[in-house]
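Spelled out from the first residue to the last, the chains are:
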Amino acid sequence: MAIELATEYGKIYVTDEVIAVLSGSAALDCYGLVGMASRNQFKDGIAEPLRRDNLSRGVEVHRNEHGVTAIDLYIVVSYGTKISVVAHNVQTKVKYVLNEVAGLQVDTVNIFVQGVRVV
């Protein structure tokens, strides 16, 4: 089901897949992030970074009837970077992009670090 945004020109419908791809591409712009990890680590095995065409696999969108409530990002960070700083930068960037690009107000952005990769 899509989120409906009403403008003066008509209605815009934004699906969860679009929100996930926007969130994933915004996250990959942050320094210290190697890639997105699979949400189903137990099923898929070890936390391997996903390619750019699989950005939505590392993002989970939670919403209710009022809009997007939370976004979960499963990431792999670069060795030697401070994990808390990378996670904070990803949270800030994703919130900003979703607010400015899609016009969505997101309550929370949760970061799950699935692994550290030596680049």
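Up top is the structure these notes are about.
Presented here is an overview of the structure given in this document.

Procedures and definitions
- Residues numbered from 1 in each chain as written.
- Predicted model: local features only at pLDDT ≥ 70, side-chain atom pairs only at ≥ 80, totals over all residues.
- Heavy atoms only, no water.
- Salt bridge = Lys/Arg side-chain N within 4 Å of Asp/Glu carboxyl O.
- Buried < 20%, exposed > 50% of the residue type's maximum accessible area, 1.4 Å probe, protein only.
- Pairing = 2+ DSSP bridges.
- Helix = DSSP H or I, 4+ residues; strand = E, 2+ residues; numbered from the N terminus.
- Core = buried A, V, L, I, M, F, W, Y, C linked by side-chain atoms within 4.5 Å.
- Contact = heavy atoms within 4.5 Å.

## A short note on the pattern of salt bridges
On inspection of all chains with the given rule, the structure shows 2 salt bridges. Taking the shortest distance from any N to any O, the salt bridge between Glu4 and Lys11 comes out at 3.5 Å. Given the relative accessible area of 42%, Glu4 is considered partly exposed. Using a relative accessible area of 55% as the deciding quantity, one classes Lys11 as exposed.

## Quick look at the pairing of strand β4 (residues 59–64)
Across 6 bridges, the pairing between β4 and strand β5 (residues 67–78) is antiparallel. Paired with Val59 across the strands is Leu73, a residue of β5. Linking β4 to β5, which pair antiparallel, is a turn of 2 residues.

## Some details on the nonpolar core
Core analysis: the biggest nonpolar cluster contains 29 residues, and Ile19, Met36, Val68, Ile71, Leu73, Val90 and Val94 have the highest contact counts within it. Of all the secondary-structure elements, those providing two or more residues to this core are α1 (16–28), β3 (33–36), β4, β5, α3 (83–102) and β6 (108–117). Looking at which element gives the most residues to this core, the answer is α3, with 7 residues. Discounting chain neighbours no more than four positions away, the residues touching Val68 are Ile3, Ile19, Val61, His62, Arg63, Leu104, Gln105, Val106 and Asp107.

Keep in mind these values describe shape, not function.
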